[in-house]
Amino acid sequence: MKPALLMTAFSMLILSMTAALAQEMPTSLAQAESMEKANRLPLTDFYSTPANLAASKPGALLRSEAFKGYTLPKGASAVRILYHSRDANGHDVATSAVVLIPAGQPPAPGWPVIAWAHGTSGVSRLCAPSAMKDLYYGEEGLLPMVRAGFAVVATDYHGLGTEGPHQYVNKIAQARDVIYSIPAAHAAVPHLDRRWVVDGHSQGGLAAWSVAEMQHDLKDPDYLGAVSVAGVARGIEFFGHLAATPGVGFYLAFMAAGVHASYPDFQPRELVSDEVLAHYEDVTTKGCYFRAYATYAKLPGDKLLRKGWEHSTRVKDFFDSLALARKPIGGPMLVLAGEADQTVPIDGVRDAVKKMCAMKQPLSFKSYPGLDHDPVMYQSTPYQLDWIRARFAGKPAASSCD
């Protein structure tokens, strides 16, 4: 891959602004640790890998428990699940998730299901949304889905909560975690509609798009479509943005961990500088988003990448494997983006949509003037829900490609 194309792929992977709606970023490491501790739930034996993993099949329910420690809408309930999934390399892994169940009585077919794919929370075991009181996203789209009468199957992604490395922003790994969460949820929770959609933001937007790609071949008759919010980008200009924006070093640390998780022979020093490596172990094992942000907040952009990083074979392989808009999708897809997104430039999203339309794919695109990366998620939630309701109602999806 040419350096310019590699830079384009690199920018596509910065899909990870925080899900801390209406919450200010920490100004010190101590404050970051306090914020994360206040929201953290203990990682109990529930998250450990059970002995029956190898004897089961992907999608099998391994363990479940009702859990009452979350801040949920009145009358809603939650069931944690542990299930059999596979990583990007085809290895069997245990993945955790939580099934959120609306208040009241389910409709005749059962609660309609949204498979939720979250944005970047971190890369350590501590960073599982199901091990956070607010489920990480809280009111930023997630709980409004429950209030709207949808059962939400929210995967953590393997390596978050569960044992083993988290293959950060690996679209194959995250899509498999989403897909295999659905049969496991049905085994644990009664009264779920067999039909489902996937909805994801940022890192999860990449996952949702990948689910749509996989469904082209899987052809699950119960799959109704995908919503990808702020989940794809390109642009050499991102590197200028990277150098000019304080506090983005933690993204690079997370991505170095993600490449290493996907390719164990890769070493993080092939990608990031000594200044990033000095705190690499702490931000990838001892904390999550806020700790990482506070750790690198004052590190200049020209101190982030190691000289010659673009020549790393594994970095090239990793970025190439994550390219979007190269494959057809199964079922309709809604792509949303903010025109003022400082993380995923709107031009990159439009370019990906154009490529999909050239392949005559069933895709609808909507942009929001003035909205940045996180605001586009929570301000577009009503539109997302309307689109999802139409899929369950059997209505044909409109296409922006017409």
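Scroll up a little and you will see the structure.
Report follows, based on the coordinates. This one's a predicted model, so the numbers in the text were calculated from it and none came from an experiment. (Residues numbered from 1 in each chain as written. Predicted model: local features only at pLDDT ≥ 70, side-chain atom pairs only at ≥ 80, totals over all residues. Heavy atoms only, no water.)

## Let's talk about the environment of I182
- As for its placement among the helices and strands, I182 is situated in helix α4 (residues 171–188).
- According to the relative accessible area criterion, I182 is buried, its value standing at 7%.
- Separated by 37 residues in sequence, I182 and K219 have C-alpha atoms that sit 15 Å apart. (Helix = DSSP H or I, 4+ residues; strand = E, 2+ residues; numbered from the N terminus. Buried < 20%, exposed > 50% of the residue type's maximum accessible area, 1.4 Å probe, protein only.)

## Quick notes on helix α14 (residues 381–392)
- Taking 1.5 Å per residue as the helical rise, α14 with its 12 residues ought to reach 16 Å, and the 17 Å between its terminal C-alpha atoms agrees with that figure.
- By the burial criterion, the buried members of α14 are T381, Q384, L385, W387, I388, A390, R391 and F392.
- Residues of α14 that are buried in the fold lie against β4 (111–117), α3 (142–147), β6 (192–201), β7 (223–229), β8 (333–338) and α13 (375–379).
- Just beyond α14, the residue with positive phi is G394, at close to 80°. (Expected span 1.5 Å × (residues − 1). Contact = heavy atoms within 4.5 Å.)

## A word on the pairing of β8
- Across the 6 residues of β8, 6 count as buried, placing the element largely inside the fold.
- A two-sided burial pattern is seen for β8, the buried positions comprising M333, V335 and A337 on one face and L334, L336 and G338 on the other.
- As paired elements, β7 and β8 share 4 bridges and run parallel to each other. Looking at β8, one finds that A226 is bridged to M333.
- As judged from the 6 bridges shared by β8 and strand β9 (residues 363–368), these two strands associate in the parallel manner. Within β9, the residue paired with M333 across the bridge is L363.
- A crossover connection joins β8 to the parallel β9 through helix α12 (residues 346–358); in handedness this β-α-β unit is right-handed. (Pairing = 2+ DSSP bridges. Right-handed = clockwise from strand over helix to strand, strands pointing away.)

## Overview of the pattern of salt bridges
- Inspection of every chain in the model, using the stated rule, returns 17 salt bridges.
- Among the ionic pairs, R314 bridges to D317, the shortest N-O distance being 3.3 Å. Note that R314 and D317 are positioned in helix α11 (residues 313–321) at a spacing of 3 residues, about one turn of the helix.
- Connected through salt bridges with shared partners, the residues D265, R314 and D317 form a single ionic network. (Salt bridge = Lys/Arg side-chain N within 4 Å of Asp/Glu carboxyl O.)

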